[in-house]
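Residue strings, one per chain:
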Amino acid sequence: MRYAIDGSVKIKTTLSFDVVIVGSGLAGLYTALNVETYRTCAILAKEEIDVSNSWLAQGGIAAAVAVDDNPTFHYEDTLTAGAGLCDREAVNVLVNEGPKEINRLVSQGVPFDLDEAGDLSITREGGHHKNRVLHAGGDATGRETVKALSHLVAKRPNITFCAHTTFYDILLDENGVVNGAVVTRDGEFVLIETRNIVIATGGIGQVYRASTNPSVATGDGIAAAMRAGAEVKSLEFIQFHPTGLWTDKKESRTFLISEAVRGDGGLLKNADGERFMVGQHELAELAPRDIVARGIVRELEKSGETHVFVDITAESREFLEHRFPTIFEECASRGIDISKDWIPVAPVQHYLMGGIKTDHWGRTAIPGLYACGEAACTGVHGANRLASNSMLECLVFGRRAAVDISKSPAVTPGSVVVPDIAKRPNAHFDLGALRLRIQDLMSEYGYVIRNSEGMKFAEGQIAAILKQLEGTTSDDPRYLETLNVATVAEAILTAALARPESVGSHYVEDTK
Ligand SMILES: Cc1cc2nc3c(=O)[nH]c(=O)nc-3n(C[C@H](O)[C@H](O)[C@H](O)COP(=O)(O)OP(=O)(O)OC[C@H]3O[C@@H](n4cnc5c(N)ncnc54)[C@H](O)[C@@H]3O)c2cc1C
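Keep in mind that this is a model prediction, so the values were computed, not measured.

1. Regarding the pattern of salt bridges
Part 1 of the argument: Under the counting rule described, the total for this entry stands at 37 salt bridges.
Part 2 of the argument: Between K249 and D248 there is a salt bridge; the shortest N-O distance is 4.0 Å. Residues K249 and D248 agree in their burial class; the two are exposed.
Part 3 of the argument: R363 serves as the salt-bridge partner of D359, at 2.6 Å between the closest nitrogen and oxygen.

This is the structure in structure tokens:
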């Protein structure tokens, strides 16, 4: 399928920008701030600035800035987490340019937490052998960073922020070069003429029943890039966070109990109070996330329970309120006093290591199409992401994409028309039910522990749903998201089936 739109779409408005950035998370904002100020730039966001994975990021941003650390140590930890599948050059770029980006953020007013001596407060998370995670607002690193950057964006006359604007499709000229985008705003279709599109649409959490990602994370950018012919890579590598706050209710987003809680002494226990991760890995609770997630799933299979616990009651109430204000408040609102009670947790979808394949400058194989942040696959994460490397990736590769865009031509207004596209019949099926079915299939067969028979079954079921969607259209906004969720889900399973061996986050029990 080439376009999500069909031939019945009426374009009411045409806009022109030198650069269109799809996404207002850290990757989108930072790319925009690094675009030369004489180039016009639009940032599109499906909702408002506070609905993104970036806004929710708790733990922090990893960079080798401590006196006893250096980029080589960060490089080694990243490669170890990536289970041998990282792109070494991309990791080199990440760890060496990372500290410079942190300095830029500090000088641009991101309020990182300081220690008593007034130096940057640096903590440790799973898989890191050194303290290298900077945080802001205690456990509100993403919110504080996005807030600071969005204030800077608001002061840039060349940047237009377009909230409540949904990106549908990428248009290419006769030479296969980007020349436009189709989006909706206030229920109307808008054509945007541009020579540069940056996909910074974040994660794909809504492909699963339980995810830490917000409702906008339906993989729209990845699906649109696939429709335009861009290559995707490593989609089988999905990080399941071991410690989503467990509840017996269905929630659109699962609240995360950050790894930093375990970094600061939180212990994983089963209902009998046993530390079941001890003996499974030298770092126990702080082992890489895939190992902890599998440890929990196996423990739950054994016990028949629905969740295990994080116990941080050894710390004082004062410390916890100050160090983890968001987690403290959210748990308190659910009747859990984390200074006295164990926190119920279970693994949930959290992060996509793969995505749209890019080079080290954010370029895809389609001229004018860039990707950065979670939607991209730069190769830095390999088969598993080292905690807190993703925000750093948004910064390093977002800036690099902006640098490369500086070599591109400016937009020529009046140069683009929407191509002739066949009309498709209206979809009369229940889009909500189809999406739930996909989420159930992915949560059953594409989860922490996979087997090839289950994945083949799910792939067949989802392919049939996708075919149904591709043969129809709808002006219901859920149509686009369901189509994209189905596109990405099928691609994840195809990638997972193409990798029979277990590696990193991709664990296949029948062929390991
Ligand atoms: C709860 C949580 C905690 C995390 N903690 C950490 C942490 O401590 N450290 C760390 O490094 N990483 C952390 N991560 C991961 C990290 O936050 C993300 O990988 C990173 O912020 C992704 O940034 P992004 O800019 O690529 O995407 P996002 O921040 O997700 O932004 C995506 C943007 O794309 C927009 N969008 C999507 N589809 C469309 C469309 N069709 N049209 C228009 N706009 C669209 C959305 O509206 C949004 O603005 C965490 C993630 C979560 C969910």
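2. Regarding the domain arrangement of the protein
Part 1 of the argument: In terms of domains, the protein is made up of domain 1 (15-237 + 353-405), domain 2 (243-348) and domain 3 (431-497).
Part 2 of the argument: Put simply, the middle of domain 1 and the middle of domain 3, counted by C-alpha atoms, are 25 Å apart.
Part 3 of the argument: With 19 residues of domain 1 at the interface, the matching set in domain 3 holds 20 residues.
Part 4 of the argument: Of the roughly 1800 Å² buried between domain 1 and domain 3, counting both surfaces, carbon and sulfur atoms make up 60%.
Part 5 of the argument: The largest per-residue losses of area from domain 1 upon contact with domain 3 belong to V207, Y208 and R209, which jointly make up 35% of the total buried on that side.
Part 6 of the argument: Connecting domain 1 to domain 3 are two salt bridges.
Part 7 of the argument: K46 is the salt-bridge partner of E481, the closest N and O atoms lying 2.7 Å from each other.

3. Focus: the state of the cysteines
Two cysteines form a disulfide when their sulfur atoms are joined by a covalent bond.
Part 1 of the argument: For the structure on display, the rule yields zero disulfides.
Part 2 of the argument: C86 forms no disulfide, and the closest cysteine sulfur to it belongs to C377, at a distance of 9.9 Å.
Part 3 of the argument: The closest cysteine sulfur to the non-disulfide-bonded C372 is located on C394, 7.0 Å from its own sulfur.

4. What about the pairing of strand β10 (residues 188-193)?
Part 1 of the argument: Of all six residues in β10, five are buried, a share of seventy percent or more.
Part 2 of the argument: Two elements, strand β1 (residues 11-16) and β10, share five bridges in a ladder whose sense is parallel. Each residue of the ladder has a partner; that of S16, found in β10, is E193.

5. Quick notes on the sheet that holds strand β15 (residues 308-311)
Part 1 of the argument: If you trace the four strands from one edge of the open sheet to the other, you get β13-β16-β15-β14, paired in antiparallel fashion. The sheet terminates laterally at β13 (238-245) and β14 (267-269), the two strands that pair on one side only. Taken pair by pair, the neighbouring strands of this sheet meet at an average axis angle of 45 degrees, ignoring direction.

6. Quick notes on the sheet that holds β1
Part 1 of the argument: Taken in spatial order, the four strands line up as β1-β10-β9-β8 in an open sheet, and their pairing is mixed. Lying at the two open borders of the sheet, with one neighbouring strand each, are β1 and β8 (165-172). The average undirected angle you get between the axes of adjacent strands in this sheet is 25 degrees.

7. Considerations on unusual backbone geometry
Part 1 of the argument: A positive phi angle is found at D186, which is not glycine, with a value near 50 degrees.
Part 2 of the argument: Mapping D186 onto the fold places it in the loop between β9 (178-185) and β10.
Part 3 of the argument: One non-glycine residue, S234, adopts positive backbone phi at about 60 degrees.
Part 4 of the argument: Its place among the elements puts S234 in the loop between β12 (232-233) and β13.

8. Topic: the site of the ligand
Part 1 of the argument: Surveying the vicinity of the ligand reveals 39 residues, the closest of which are S54, G60, D220, E374 and S390.
Part 2 of the argument: Between the ligand and F167, the relevant distance is 2.9 Å, taken from a nitrogen atom to a main-chain nitrogen or oxygen of the residue.
Part 3 of the argument: Within the backbone of A200, one N or O atom sits 3.5 Å away from an oxygen atom of the ligand.
Part 4 of the argument: Taken by itself the ligand offers 1000 Å² of open surface, and the protein chains cover 98% of this.
Part 5 of the argument: Elements with a contribution of two residues or more to the shell around the ligand: α1 (26-34), α2 (53-56), β8, β16 (343-352) and α11 (389-405).
Part 6 of the argument: Taken together, the residues that form the shell around the ligand break down as 15 nonpolar, 20 polar and four charged.

9. Considerations on helix α6 (residues 220-228)
Part 1 of the argument: Burial runs high along α6: eight of the nine residues are buried.
Part 2 of the argument: Among the residues making up α6, those that are buried are D220, G221, I222, A223, A224, A225, R227 and A228.
Part 3 of the argument: Remark: G229 follows α6 within two positions and exhibits a positive phi of approximately 100 degrees.

10. With respect to the nonpolar core
Part 1 of the argument: Counting 73 residues, the largest nonpolar core has F167, I170 and I199 as the members making the most contacts within it.
Part 2 of the argument: No other element matches the 12 residues that helix α14 (residues 477-497) contributes to this core.
Part 3 of the argument: Contact partners of F167, with chain neighbours within four places excluded, come to V22, L44, A181, V182, V183, I197, I199, A224 and L480.
Part 4 of the argument: Judged by nonpolar contacts, the second largest core, of 49 residues, contains W55, L149, A200 and L395.

11. A few points about the packing of aromatic side chains
Part 1 of the argument: Using the criterion set out here, one finds six aromatic pairs in the structure.
Part 2 of the argument: Judged by centre distance (6.5 Å) and plane angle (85 degrees), the rings of F319 and F324 are edge-to-face.
Part 3 of the argument: Judged by relative accessible area, which is 29%, F319 ranks as partly exposed.
Part 4 of the argument: Residue classification places F324 among the buried residues on the basis of a relative accessible area of 1%.
Part 5 of the argument: With a centroid separation of 5.5 Å and 75 degrees between ring planes, the pair formed by Y445 and F457 is classed as edge-to-face.

The rules behind the values
- Residues numbered from 1 in each chain as written.
- Predicted model: local features only at pLDDT ≥ 70, side-chain atom pairs only at ≥ 80, totals over all residues.
- Heavy atoms only, no water.
- Salt bridge = Lys/Arg side-chain N within 4 Å of Asp/Glu carboxyl O.
- Buried < 20%, exposed > 50% of the residue type's maximum accessible area, 1.4 Å probe, protein only.
- Domains from an automatic or database assignment.
- Contact = heavy atoms within 4.5 Å.
- Buried area = accessible area lost by both parts, 1.4 Å probe.
- Disulfide = S-S within 2.5 Å.
- Helix = DSSP H or I, 4+ residues; strand = E, 2+ residues; numbered from the N terminus.
- Pairing = 2+ DSSP bridges.
- Axes fitted to C-alpha atoms, helices over the stretch in contact; angles between N-to-C directions.
- Near = heavy atom within 4 Å.
- Polar contact = N/O pair within 3.5 Å; in protein donor to acceptor, adjacent residues only side chain to side chain.
- Areas by Shrake-Rupley, 256 points an atom, 1.4 Å probe, with all protein chains shown as cover.
- Nonpolar A, V, L, I, M, F, W, Y, C, P; charged D, E, K, R; others polar.
- Core = buried A, V, L, I, M, F, W, Y, C linked by side-chain atoms within 4.5 Å.
- Phe/Tyr/Trp six-rings, centres within 6.5 Å; stacked < 30°, edge-to-face > 60°.

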